[in-house]
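Close look at the chain arrangement
Here are the chains, one letter per residue:
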Amino acid sequence: MQHDAHAHHRTERSGAHAGHEGHGATADWPTAARATLHCLTGCAIGEVLGMVIGTALGWSTVPTMVLAIVLAFFFGYSLTLWAVVRAGLSLKAAIGVALAADTLSIAVMELVDNGVLLLVPGAMDAHLSDGLFWGALAFAFLVAFLVTTPVNKWMIGRGKGHAVVHQYH
């Protein structure tokens, strides 16, 4: 049944069909978890890369976190852009979809996972070879996933967030 709704939307790929984004979107926990895992994938790529670069260069906490957050948004948006452009959207329309679909989810995820990292004693001073570095990062991602999943469920239920992207799958 959902795929019928998605087929309907595939014929309207102008990117200007505001108000139709949530049609056919299911706001159940498995859907929210999949959306959050998608978000977490992009965030984790950027976050890990930023933390690795900052740590390897011996940067202090603030520039390392800024780099990690910028890269998390970059890779989070990039994964969505890649998927919706591949599905047939123009780059301009795909940018609008990615911004609408991912901004709140990435922002919540980054706020939570960076907040957790700041709260774990020694995590921001740990080196790449330290178990604390990787353990704190994994723990931060887990907490961010648990906090962001209800946010995504709420957004999908209102036709926002990943409900906007879901129609292009």
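All values reported here derive from a predicted model rather than from experimental measurement. (Residues numbered from 1 in each chain as written. Predicted model: local features only at pLDDT ≥ 70, side-chain atom pairs only at ≥ 80, totals over all residues. Heavy atoms only, no water.)

Some thoughts on the overall build of the chain
Per the secondary structure count, the chain includes 6 helices and 0 strands. Ordered by position from the N terminus, the helices and strands of the chain form the series α-α-α-α-α-α. Relative to its full complement of 169 residues, the chain shows a buried share of 42%. Summarising the internal contacts of the chain: among those between residues at least 6 apart in sequence, 71% fall at separations of at least 24. Accessible area of the chain: about 8,400 Å², with a carbon and sulfur share of 71%. (Helix = DSSP H or I, 4+ residues; strand = E, 2+ residues; numbered from the N terminus. Buried < 20%, exposed > 50% of the residue type's maximum accessible area, 1.4 Å probe, protein only. Contact = heavy atoms within 4.5 Å. Areas by Shrake-Rupley, 256 points an atom, 1.4 Å probe, with all protein chains shown as cover.)

Looking at helix α3 (residues 61-86)
Between its terminal C-alpha atoms α3 stretches 37 Å, which fits the 38 Å expected from 26 residues at 1.5 Å a residue. All of the buried residues in α3 are T64, M65, A68, L71, A72, G76, Y77, T80 and V84. Note on α3: the residue one or two positions beyond its end, G88, has a positive phi of about 115°. (Expected span 1.5 Å × (residues − 1).)

Some points on the packing of aromatic side chains
In the structure shown here, the tally under the stated rule is 3 aromatic pairs. For the pair F73 and Y77, a centre-to-centre distance of 5.8 Å together with 50° between the ring planes defines the contact as tilted. Placement of the pair is F73 and Y77 together in helix α3, with a separation of 4 residues, close to one helical turn. When the centroid spacing of 4.7 Å and the interplanar angle of 80° are considered together, the rings of F133 and W134 count as edge-to-face. Sitting above the plane of the W82 ring, R86 keeps its charged end 4.6 Å from the centroid. One cation-aromatic arrangement involves K153 over W29; the distance from NZ or CZ to the ring centre is 5.0 Å. (Phe/Tyr/Trp six-rings, centres within 6.5 Å; stacked < 30°, edge-to-face > 60°. Lys NZ or Arg CZ within 6 Å of the ring centre and 35° of its normal.)

Looking at a nonpolar patch on the surface
A cluster of nonpolar side chains, contributed by L49, I53, L57 and W59, occupies part of the molecular surface with about 350 Å² of accessible area. Relative to the elements of secondary structure, L57 occurs in the loop between α2 (29-56) and α3. (Patch = residues over 30% accessible without salt bridge, like charges linked within 9 Å, V, L, I, M, F, W, Y side chains within 5 Å. Salt bridge = Lys/Arg side-chain N within 4 Å of Asp/Glu carboxyl O.)

A closer look at the state of the cysteines
Throughout the structure, instances matching the rule amount to 0 disulfides. Sulfur of C39: no disulfide; nearest cysteine sulfur belongs to C43 and is 3.9 Å away. (Disulfide = S-S within 2.5 Å.)

Points about empty space enclosed by the protein
Per the counting criterion, the structure on display carries 1 cavity of 30 Å³ or more. Considering the residues around the largest cavity, the lining is formed by M51, T55, L117, A123, M124, A126, L132, F133, A136 and L137. Listing elements by their share of the lining of the largest cavity, those giving two or more residues are α2 and α5 (131-157). Of all the elements, α5 adds the most residues to the lining of the largest cavity, at 4 residues. Residues that form the lining of the largest cavity fall into these classes: 9 nonpolar, 1 polar and no charged. (1 Å grid on protein atoms, 1.4 Å probe; cavity = no way out; pocket = protein on both sides within 12 Å on 5 of 7 lines; lining within 4 Å. Points joined across faces, edges and corners; volume = space filled by probe spheres on them. Nonpolar A, V, L, I, M, F, W, Y, C, P; charged D, E, K, R; others polar.)

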